[in-house]
Amino acid sequence: MGLSENRNQIYIWSLSTGTIAYRIKPTFQSKSDMTANHLNQEASVHMKKRQYTAKMTPWDRRTESSEKRQKRRELQLEEELKEMEEKRKERENGVEQFILSGDEKVVVASFFSHHLCVFDMEKKDHVQTLENDNSLLHLYVAALTYDGSFLVHTNYDEDDKVSYVTLWDCFEGTVRKRLKNEKDVCAIGISDDAQRVLFGKGNCELRIWEPFKKSSLRKIHGYQGMNFQFGMNKIFILKGGSKAIIYAGDISMWDLDKGVVLAVYTPDTRISAMTVAMDGQLLCFGLKDSLSVVSLRLVDNSRDGMDDMGENIMGEKIESDSSDEE
C-alpha cells in the first residue's frame with residue numbers, strides 16, 4: 001500500500017502480479033450545487049457556534065444601533081463564508097500521512113487540514129470524515145484500535161489556545177472524549193477495546209487514561225534514561241490493556257495496573273523502527289546503519305517490577321498541570 005505520485009489517492013498493490021489492485025480516494029459531498037441562501041444559512045450556524053458577540057462588551061451591545069448591528073453581521077457573515085471556502089479548498093490537499101489498523105481493514109489519512117478521512121479497505125471506499133473547525137488534524141502522534149473503530153491523537157485548538165488528547169469514533173465521525181491541557185505529548189497508544197490510552201510526555205512522564213471512566217487519569221514517572229522525543233517513539237498496549245511496550249531511547253515493558261516497569265532493554269545502536277508480534281511476545285526492530293532485523297522474545301513477564309517507580313496509582317490527584325476530561 002502506498003500513495004500516488006500527486007498524493008491524492010492510496011494505491012493497493014498486488015505482490016503476485018506487481019500491478020495496482022485498486023485505488024481509493026476521498027469523496028466529499030459537493031457543495032457546488034448549493035444555493036447562496038443555503039450557504040448563508042450554514043455560515044450563520046457556524047457564526048452562532050463561534051459566538052462572535054462574545055467579543056463585544058455588554059455596554060457595546062446595548063448601545064449598538066440597528067444599522068451598525070446589521071453591518072457587523074454582514075461583515076461577520078462575509079468572514080465566515082471566506083473561511084468556509086478556505087476549508088473547502090483544503091479538501092483538494094494531498095494525503096499528508098496515513099495509518100493502518102491492525103486487522104488491515106481501516107485506514108485513516110490526514111491532509112494538513114481541518115479534517116481526517118476514514119477508508120474501509122474491504123468496501124474500497126471513503127466511509128467517514130472527522131472534522132474540527134478549530135484544529136488542524138494531524139497523525140504525528142496518533143494510534144488506532146486493532147479494528148480501526150477508534151482513533152486517539154493530539155490536536156491544538158486554535159480558538160481556545162489549548163492542547164487536547166482526543167478520542168474519535170471513526171465509524172460515527174464523532175468525538176467521544178477529550179483530555180484538556182495535555183502539552184508535549186510525544187507518543188501515544190490505545191488498547192484494542194479503547195478502554196485504556198497510554199501516552200508519554202516530554203518530561204519523561206507516562207499518563208494512563210481510561211476514557212470511559214470518570215477521573216481515571218493516572219501519572220507514572222519514567223525511569224532514568226527514558227527519553228521521549230517528538231515523532232521518535234512508539235507505544236504498544238498489550239494483554240487487554242494491562243501491559244505496554246514502550247520505545248523511548250530504550251525498550252521497556254510496563255505493568256500498567258501496578259504502574260511499574262518490568263524490564264528494560266538498552267541497545268548499543270539507535271533503533272530506527274520497531275513493531276510487536278505474537279500478541280506482544282515478540283519484538284522486532286531495525287538498527288541504524290544496519291540491514292539486520294533484531295528480534296526479542298519475552299520469556300517471562302510475570303515479575304512484580306524492577307523498582308517501585310509508580311506514582312498516583314491509587315487515584316491521587318495530579319498536581320503537575322491541569323488535565324480536564326470532556
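Before reading further, recall that the structure is shown in the block above.
These figures come from a predicted structure and were not determined experimentally.

## Examining the overall build of the chain
So, step 1. Each helix and strand in the chain was counted, giving three helices and 23 strands.
So, step 2. With 326 residues in all, the chain has 41% of them scored as buried.
So, step 3. Put simply, of all contacts in the chain between residues at least 6 apart along the chain, 44% involve residues at least 24 apart.
So, step 4. Put simply, the chain shows about 18,400 Å² of open surface, and 47% of that area lies on carbon and sulfur atoms.

## Here we look at the side chain of Ser191
So, step 1. Relative to the elements of secondary structure, Ser191 occurs in the loop between β12 (185-190) and β13 (197-201).
So, step 2. Assessed through its relative accessible area of 1%, Ser191 is described here as buried.
So, step 3. At 3.2 Å, the side chain of Ser191 forms a polar contact with the backbone nitrogen of Gln195.
So, step 4. Those residues within four positions of Ser191 in sequence are excluded, and the remaining contacts are Thr145, Arg196, Ile237 and Gly241.

## Concerning the packing of aromatic side chains
So, step 1. Counted under the stated rule, the structure contains five aromatic pairs.
So, step 2. Each ring, one from Tyr11 and one from Trp13, has its centre 6.2 Å from the other, and the planes form 75°; the classification is edge-to-face.
So, step 3. Trp13 sits in the partly exposed class, given a relative accessible area of 43%.
So, step 4. Centre to centre, the rings of Tyr265 and Phe285 are 6.0 Å apart; their planes meet at 45°, and the pair counts as tilted. With a gap of 20 residues between them, Tyr265 in strand β19 (residues 260-265) and Phe285 in strand β21 (residues 282-287) connect regions that are remote in the sequence.
So, step 5. The class for Phe285 is buried, based on a relative accessible area of 2%.

## Side note on helix α3 (residues 66-90)
So, step 1. Under the 1.5 Å per step criterion, the end-to-end length of α3 is 36 Å for 25 residues, consistent within 8% with the ideal 36 Å.
So, step 2. If you check which residues of α3 are buried, you get Arg72, Gln76, Glu80, Met84, Lys87 and Glu90.

## Considering the nonpolar core
So, step 1. The biggest cluster of nonpolar side chains holds 17 residues, and the ones touching the most others in it are Leu198, Leu206, Met226, Phe228, Ile246 and Trp254.
So, step 2. Contributions of two or more residues to this core are made by β12, β14 (205-209), β16 (234-238) and β17 (243-248).
So, step 3. Examining the composition of this core, we find that three residues originate from one element, β17, more than from any other.
So, step 4. Filtering out sequence-adjacent residues up to four positions away, Leu198 remains in contact with Ala187, Ile188, Gly189, Leu206, Arg207, Ile208, Ile235, Ile237, Ala244, Ile246 and Leu256.

## Considerations on the sheet that holds β19
Across a sheet, paired strands are connected by hydrogen bonds in the backbone, their directions being either parallel or antiparallel.
So, step 1. If you walk across this open sheet you meet the four strands as β16-β17-β18-β19, and the pairing is antiparallel. Where the open sheet ends on each side, the last strands, each with one partner, are β16 and β19. If you compare each strand with its neighbour and ignore which way they point, the axes differ by 20° on average.
So, step 2. Here five bridges tie strand β18 (residues 250-255) to β19, and the two strands are oriented antiparallel to one another. Bridge pairing in β19 links Ser252 to Val264.

## Observations regarding the sheet that holds strand β6 (residues 115-120)
So, step 1. The strand order across the open sheet formed by four strands is β4-β5-β6-β7, and the pairing between neighbours is antiparallel. Strands at the two margins of the open sheet, each flanked by one partner only, are β4 (97-100) and β7 (125-131). Going from strand to strand, the sheet's axes swing by 20° on average, the running direction of each strand aside.
So, step 2. Alignment of β6 against β7, held across six bridges, turns out to be antiparallel. Looking across to β7, one finds that Phe119 is bridged to His126.

Calculation notes
- Residues numbered from 1 in each chain as written.
- Predicted model: local features only at pLDDT ≥ 70, side-chain atom pairs only at ≥ 80, totals over all residues.
- Heavy atoms only, no water.
- Helix = DSSP H or I, 4+ residues; strand = E, 2+ residues; numbered from the N terminus.
- Buried < 20%, exposed > 50% of the residue type's maximum accessible area, 1.4 Å probe, protein only.
- Contact = heavy atoms within 4.5 Å.
- Areas by Shrake-Rupley, 256 points an atom, 1.4 Å probe, with all protein chains shown as cover.
- Polar contact = N/O pair within 3.5 Å; in protein donor to acceptor, adjacent residues only side chain to side chain.
- Phe/Tyr/Trp six-rings, centres within 6.5 Å; stacked < 30°, edge-to-face > 60°.
- Expected span 1.5 Å × (residues − 1).
- Core = buried A, V, L, I, M, F, W, Y, C linked by side-chain atoms within 4.5 Å.
- Pairing = 2+ DSSP bridges.
- Axes fitted to C-alpha atoms, helices over the stretch in contact; angles between N-to-C directions.

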